[in-house]
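Understanding the architecture of this molecule
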Amino acid sequence: MSRPKPSVIHTAELRDGSVWDITSAESCYVITYRDQVCGIRQHVNTLTKQGFKYQKLSYTNLGNALAQVRRLNSKFQCEDFDVKPV
C-alpha cells in the first residue's frame, strides 16, 4: 500500500537549488514520560566534540511515535513513556 499524497501548503526553492514543501499534518504527537512532556539528551564526549545530542520526541505520524515509545521503554527498561496527541 502506498503512502497517501500530502497536501502542500507552500513550496519554496532555495538558493542552492533544493525545493522544500510545507505540508499539512492531521495532528501532532509528543512522547511523554510519566504523563509529562519531556526531552532526552545524550552526553557526547569525543576527541573533537563535547556536548549533548537531543533526541526527536514529536511526530506527525502516530506509527513513528509508537515505535519510538517502544524503543525508549526498552532502552530505559520501564513502561513510563507514552504518546499524547497535541
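This is a predicted model, so every value here is computed, not measured.

What counts, and at which threshold
Residues numbered from 1 in each chain as written. Predicted model: local features only at pLDDT ≥ 70, side-chain atom pairs only at ≥ 80, totals over all residues. Heavy atoms only, no water. Helix = DSSP H or I, 4+ residues; strand = E, 2+ residues; numbered from the N terminus. Buried < 20%, exposed > 50% of the residue type's maximum accessible area, 1.4 Å probe, protein only. Contact = heavy atoms within 4.5 Å. Polar contact = N/O pair within 3.5 Å; in protein donor to acceptor, adjacent residues only side chain to side chain. Salt bridge = Lys/Arg side-chain N within 4 Å of Asp/Glu carboxyl O.

1. Some remarks on the environment of tyrosine 59
Examined against the element boundaries, tyrosine 59 turns out to sit in strand E7 (residues 58-59). Taking relative accessible area as the criterion, tyrosine 59 reaches 10% and is therefore assigned buried. Between the C-alpha atom of tyrosine 59 and that of proline 85, which follows or precedes it by 26 residues, the distance is 9.6 Å. In this structure tyrosine 59 touches Ser27, Cys28, Tyr29, Ile31, Asn64, Ala65 and Gln68, once residues within four positions along its chain are discounted. At 3.0 Å, the side chain of tyrosine 59 forms a polar contact with the backbone oxygen of lysine 56.

2. Observations concerning the pattern of salt bridges
Applying the stated criterion to the full structure yields three salt bridges. Where lysine 84 meets aspartate 35, a salt bridge forms, and the shortest distance between an N and an O atom there is 3.5 Å. Of the two residues, lysine 84 sits in strand E8 (residues 81-85) while aspartate 35 sits in the loop between strand E3 (29-33) and strand E4 (36-37), which places them 49 residues apart along the sequence. One salt bridge connects lysine 84 with aspartate 82, and the closest N-O pair in it is separated by 3.5 Å. In the salt-bridge network here, residues are joined through shared partners; they are Asp35, Asp82 and Lys84.

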